[in-house]
Amino acid sequence: MSKNLKQATRNLYIGIFCLALVLILGYMTTQVSGGLFYEEILYHILDGLRSNKNFFGLMKIFHHIGSPKFLIPLVGLVLAYSLYKKKKTFALGLFLATAGSAIFNFLTKITFKRLRPLDYMLIKEVTPSFPSGHAMTNTCLYLFLAYYYSRKVNPEKKKEAYTLAIIFSAIMGFSRIYMGVHYPTDVLAGFLSGYFFYGLIVYILEKKKIENRR
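Residues numbered from 1 in each chain as written. Predicted model: local features only at pLDDT ≥ 70, side-chain atom pairs only at ≥ 80, totals over all residues. Heavy atoms only, no water.

Caption draft 1: Expanded view of the nonpolar core. Core analysis: the largest hydrophobic core is formed by 34 residues, its most contacted members being L94, F144, Y147, Y198 and I201. Elements that contribute at least two residues to this core include exactly α1 (3-29), α4 (53-65), α5 (68-84), α6 (88-112), α7 (133-149), α8 (155-178) and α9 (184-213). No other element matches α7, which puts 8 residues into this core. Those residues in contact with Y198, other than ones at most four positions away along the chain, are N11, C140, L143, F144, Y147 and Y162. Judged by nonpolar contacts, the second largest core, of 8 residues, contains C18, L36, F112 and A189. (Core = buried A, V, L, I, M, F, W, Y, C linked by side-chain atoms within 4.5 Å. Buried < 20%, exposed > 50% of the residue type's maximum accessible area, 1.4 Å probe, protein only. Helix = DSSP H or I, 4+ residues; strand = E, 2+ residues; numbered from the N terminus. Contact = heavy atoms within 4.5 Å.)

Pasting the structure below:
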């Protein structure tokens, strides 16, 4: 087993553990109405920022960047270009990181059917709340891009790529809490689900790479 595949296997095991936590949290959301662990307190802590028009505008930008309206046409164009350039590995990973994680997110949402925090919403959302699709899809996408970019760079550049992926994922998740469209546990579950799907994608690609060498 290659070094990369060993690392991918470890990441997948961690991802499976993350998925188990998501399922536990999902079950817990079906047993209560409202938030878990008094998480609504966070909205009150953010009251000052939530009433700041400039900060609201900034968070709305991240909301748009992470939305299907922005991602679908952008990813579609990048996919088409990647296939034209015969970058099949990148195209497969990108497709799984976006369309695959979005489908998984949809199935999870309709399974747990958690209501959104209606009393705190600053913008309108109508789909179920758990887990956050923005947090899940974008976390998976950013981590995949970091993985693909850092395959042939030095460790320092690799660290920078993953650091940026984590920072952008965190901002995306925070924007969803700030907008009041998700409970913090929805966003946490989105991060965990995104990591699981990322781990699965990298494992598939590394496995495929070895099989192609045979």
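Caption draft 2: Molecular detail of the packing of α7 against α8. Taken N-terminus to C-terminus, the directions of α7 and α8 make an angle of 170 degrees; their axes are 9 Å apart at the nearest point. Taken as axis vectors, α7 and α8 run roughly antiparallel relative to one another. Counted together, H134, N138, T139, Y142, L143, A146, Y147 and Y149 of α7 and K157, A161, Y162, A165, F168, S169, M172 and R176 of α8 form the full contact between these two elements. Broken down by class, the residue content of the contact of α7 with α8 amounts to 10 nonpolar, 4 polar and 2 charged. (Axes fitted to C-alpha atoms, helices over the stretch in contact; angles between N-to-C directions. Parallel < 35°, antiparallel > 145°, perpendicular 65-115°, else oblique. Nonpolar A, V, L, I, M, F, W, Y, C, P; charged D, E, K, R; others polar.)

Caption draft 3: Fine view of the confidence of the model for the protein. In the predicted model, the protein carries a mean pLDDT of 91, and 98% of its residues have values of at least 70. Helix α3 (residues 47-50) is the least confidently modelled element of the protein, averaging 86 in pLDDT, while α7 averages 94, the highest of any element. (pLDDT = per-residue confidence, 0-100.)

Caption draft 4: Broad picture of the layout of surface pockets. In this structure, the largest pocket occupies an estimated 670 Å³ of space. If you trace the largest pocket, you find 28 residues lining it, with G66, S67, P68, K69 and H134 closest to the centre. Residue assignment for the lining of the largest pocket shows that the elements contributing at least two residues are α4, α5, α6 and α7. Looking at side-chain class alone, the lining of the largest pocket contains 10 nonpolar, 12 polar and 6 charged residues. The volume enclosed by the second largest pocket comes to roughly 450 Å³. Along the walls of the second largest pocket sit 18 residues, with N4, Q7, Y147, K158 and Y162 positioned nearest its centre. For the lining of the second largest pocket, the secondary-structure elements that each account for two or more residues are α1, α8 and α9. Tallying contributions element by element places α1 first for the lining of the second largest pocket, with 6 residues. The residue makeup of the lining of the second largest pocket, split by class, is 6 nonpolar, 4 polar and 8 charged. (1 Å grid on protein atoms, 1.4 Å probe; cavity = no way out; pocket = protein on both sides within 12 Å on 5 of 7 lines; lining within 4 Å. Points joined across faces, edges and corners; volume = space filled by probe spheres on them.)

Caption draft 5: Representation of the pattern of salt bridges within the structure. Summed over the entire model, instances satisfying the criterion amount to 3 salt bridges. A salt bridge links E39 to R114; its shortest N-O distance comes to 3.0 Å. One end of the pair, E39, is in the loop between α1 and α2 (41-45); the other, R114, is in the loop between α6 and α7, with 75 residues separating them in the sequence. Comparing E39 with R114, the two get one shared label, buried. With its nearest N and O atoms 2.7 Å apart, the salt bridge here joins D186 to R114. (Salt bridge = Lys/Arg side-chain N within 4 Å of Asp/Glu carboxyl O.)

Caption draft 6: Just the packing of α4 against α8, in detail. The contact between α4 and α8 brings their axes to 9 Å, and the two run at 115 degrees. The two elements α4 and α8 cross, and the hand of that crossing is left-handed. Where α4 approaches α8, its residues F55, F56, M59, F62, H63 and I65 are matched on the opposing element by F168, I171, M172, F174, S175, R176 and Y178. Tallied by class, residues from the contact of α4 with α8 come to 10 nonpolar, 2 polar and 1 charged. (Left-handed = near helix turned anticlockwise from the far one by under 90°.)

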